[in-house]
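So the chains spell out like this:
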Amino acid sequence: GLASITAQQLSGAWQAIVLAAVFPTIVANVIQVYAQHNVDANKAAVIYTLEAVFATFISVLMGFESWSLSVIAGGGIIFCAVLVAQLGGRRKNV
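None of these values were measured; they are calculated from a predicted model.

Participant: Hey, could you run me through a nonpolar patch on the surface in this one?
Facilitator: On the surface, Ile5, Leu10, Trp14, Ile17, Val18, Val22, Ile26 and Val30 cluster together to form a nonpolar patch covering roughly 750 Å² of accessible area. Along the chain, the position of Ile26 falls in helix H1 (residues 7–36).

Here's what the structure looks like:
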């Protein structure tokens, strides 16, 4: 049980958490903030909106998720919504 966990195991667990979660999150956010300054706001919005689609695709590639009708339909719905928002939402100034 929990009583049998040693200090060395606990230290190793915290190191793993820092290396696998905290460090990549910080690096990703720094890159995101830097790159966002160089991208048009509309393009940045598309990238942010499609984040769930990209994450699911990577999850499938890594074997954590499998293709299914609901995965494909969900990604398609998100993608279509982004297209409608970006292409259909433009109005002429009157």
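Participant: Is there a simple way to think about the layout of surface pockets in this case?
Facilitator: Space left empty within the atom packing is revealed by a probe, the size of a water molecule, rolled over the atoms. Size it by volume and the largest pocket reaches roughly 330 Å³. Every residue along the wall of the largest pocket is listed here: Ala28, Gln32, Ala35, Gln36, Val39, Ala44, Ile47, Tyr48, Glu51 and Phe54. Elements with a minimum of two residues in the lining of the largest pocket: H1, helix H2 (41–49) and helix H3 (51–62). The element contributing the most residues to the lining of the largest pocket is H1, with four residues. Looking at the lining of the largest pocket residue by residue, the classes come out as seven nonpolar, two polar and one charged.

Participant: Would you mind showing me how to read helix H4 (residues 69–87) here?
Facilitator: In an α-helix, one turn spans 3.6 residues; hence positions three or four apart end up facing the same way. Spanning 19 residues, H4 covers 26 Å between terminal C-alpha atoms, matching the ideal 27 Å at 1.5 Å per step. Turning to H4, its buried residues number three or more, namely Val71, Gly75, Val82 and Gln86. Around the axis of H4, the buried residues are gathered within 25 degrees of arc, so they sit on the same side. Opposite its buried face, H4 presents the exposed residues Leu69, Ser70, Ile77, Val84 and Leu87, each directed more than 90 degrees away.

Rules of the game
Residues numbered from 1 in each chain as written. Predicted model: local features only at pLDDT ≥ 70, side-chain atom pairs only at ≥ 80, totals over all residues. Heavy atoms only, no water. Patch = residues over 30% accessible without salt bridge, like charges linked within 9 Å, V, L, I, M, F, W, Y side chains within 5 Å. Areas by Shrake-Rupley, 256 points an atom, 1.4 Å probe, with all protein chains shown as cover. Salt bridge = Lys/Arg side-chain N within 4 Å of Asp/Glu carboxyl O. Helix = DSSP H or I, 4+ residues; strand = E, 2+ residues; numbered from the N terminus. 1 Å grid on protein atoms, 1.4 Å probe; cavity = no way out; pocket = protein on both sides within 12 Å on 5 of 7 lines; lining within 4 Å. Points joined across faces, edges and corners; volume = space filled by probe spheres on them. Nonpolar A, V, L, I, M, F, W, Y, C, P; charged D, E, K, R; others polar. Expected span 1.5 Å × (residues − 1). Buried < 20%, exposed > 50% of the residue type's maximum accessible area, 1.4 Å probe, protein only. Arc of directions from axis to C-beta.

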